[in-house]
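An overview of the molecular structure
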Amino acid sequence: MIGKLGLTKPIFRFMDNQNQNHDHHSGLLHYSIPDKETSMQVTLSVNGQQYQLTIDPGVSLLDALREYIGLTGTKKGCDHGQCGACTVLVDGKRINSCLTLAVMKQGTEITTIEGLAKGNDLHPMQKAFIEHDAFQCGYCTPGQICSAVALLEEGKAHSRAEISELMSGNICRCGAYSNIVDAIEHVKKSKQ
Ligand code: FES
Ligand code: FES
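Please read these numbers as outputs of a predicted model, since none were measured by experiment.

Observations regarding the overall build of the chain
- Secondary structure summary: the chain contains seven helices and seven strands in total.
- Mapped in sequence order, the helices and strands of the chain form the string α-α-β-β-β-β-α-β-β-β-α-α-α-α.
- The buried share among the 192 residues of the chain stands at 36%.
- When contacts within the chain are restricted to residue pairs at least 6 apart in sequence, long-range pairs at least 24 apart make up 53% of them.

See below:
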């Protein structure tokens with residue numbers, strides 16, 4: 001019914017919050033929306049937490065994270081796979097979450113920018129971005145950091161030029177590229 005009325009995503013989120021229950025026995029967070037006709041049950045594992053969602057099969061992973069689960073660290077830029085702002089890790093590999101349906105990622109481990117730090121201890125890539133002043137407005141930064149973490153795991157970037165090339169899917173409209181490469185190079189060297 002809600003989808004048919006064409007209500008917007010923020011209203012979905014409001015209604016999700018109203019329909020959110022926490023099962024203290026299983027540790028599962030349950031989310032649901034009233035439209036049972038078109039929705040389906042999906043369980044996503046995000047940052048080590050299981051989330052059970054009732055969503056339309058056409059919902060992107062990006063919207064599931066932001067609008068249903070409430071993890072807004074992952075950003076929506078173009079929503080068309082062209083900017084990299086929505087980059088998250090799926091089983092350690094970087095993907096554009098705007099191009100992926102949430103239902104396709106059941107059974108995987110999804111890591112967002114919120115899941116990189118260990119408590120108050122920031123991930124080395126997060127620390128390096130701060131130390132190297134690798135952002136201005138910060139909108140692209142969660143995607144840049146997730147992408148950079150996966151990049152170093154891929155082991156294909158052996159020079160500044162290769163880092164730049166292999167990070168080219170992550171656009172920074174503030175033009176912080178030089179400092180972003182500095183930060184990634186710093187972490188790369190510290191791992192050697
Ligand atoms: Fe996904 Fe731009 S929002 S690539
Ligand atoms: Fe502003 Fe990258 S820091 S878009």
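What to know about helix α3 (residues 61–69)
- Within α3, nine of the nine residues are buried, leaving the element largely enclosed by the surrounding structure.
- Turning to α3, its buried residues number three or more, namely Leu 61, Leu 62, Asp 63, Ala 64, Leu 65, Arg 66, Glu 67, Tyr 68 and Ile 69.
- Among the residues trailing α3, Gly 70 stands out with phi positive, at a value near 90 degrees.

Examining the packing of helix α5 (residues 141–154) against helix α7 (residues 177–191)
- One can describe the packing of α5 onto α7 by two numbers: an axis separation of 11 Å at closest approach and a directional angle of 35 degrees. Between α5 and α7 lies a crossing of right-handed hand. For the pair α5 and α7, the contacting residues are Gln 144, Ala 148, Leu 151 and Leu 152 in the first and Ile 180, Ile 184, Val 187, Lys 188 and Lys 191 in the second.
- Of the residues contributing to the contact of α5 with α7, the split by class is six nonpolar, one polar and two charged.

Rules used throughout
- Residues numbered from 1 in each chain as written.
- Chains lettered and ligands numbered in written order.
- Predicted model: local features only at pLDDT ≥ 70, side-chain atom pairs only at ≥ 80, totals over all residues.
- Helix = DSSP H or I, 4+ residues; strand = E, 2+ residues; numbered from the N terminus.
- Buried ≥ 20, exposed ≤ 12 C-beta atoms within 10 Å, placed from the backbone.
- Contact = placed C-beta atoms within 7 Å.
- Axes fitted to C-alpha atoms, helices over the stretch in contact; angles between N-to-C directions.
- Left-handed = near helix turned anticlockwise from the far one by under 90°.
- Nonpolar A, V, L, I, M, F, W, Y, C, P; charged D, E, K, R; others polar.

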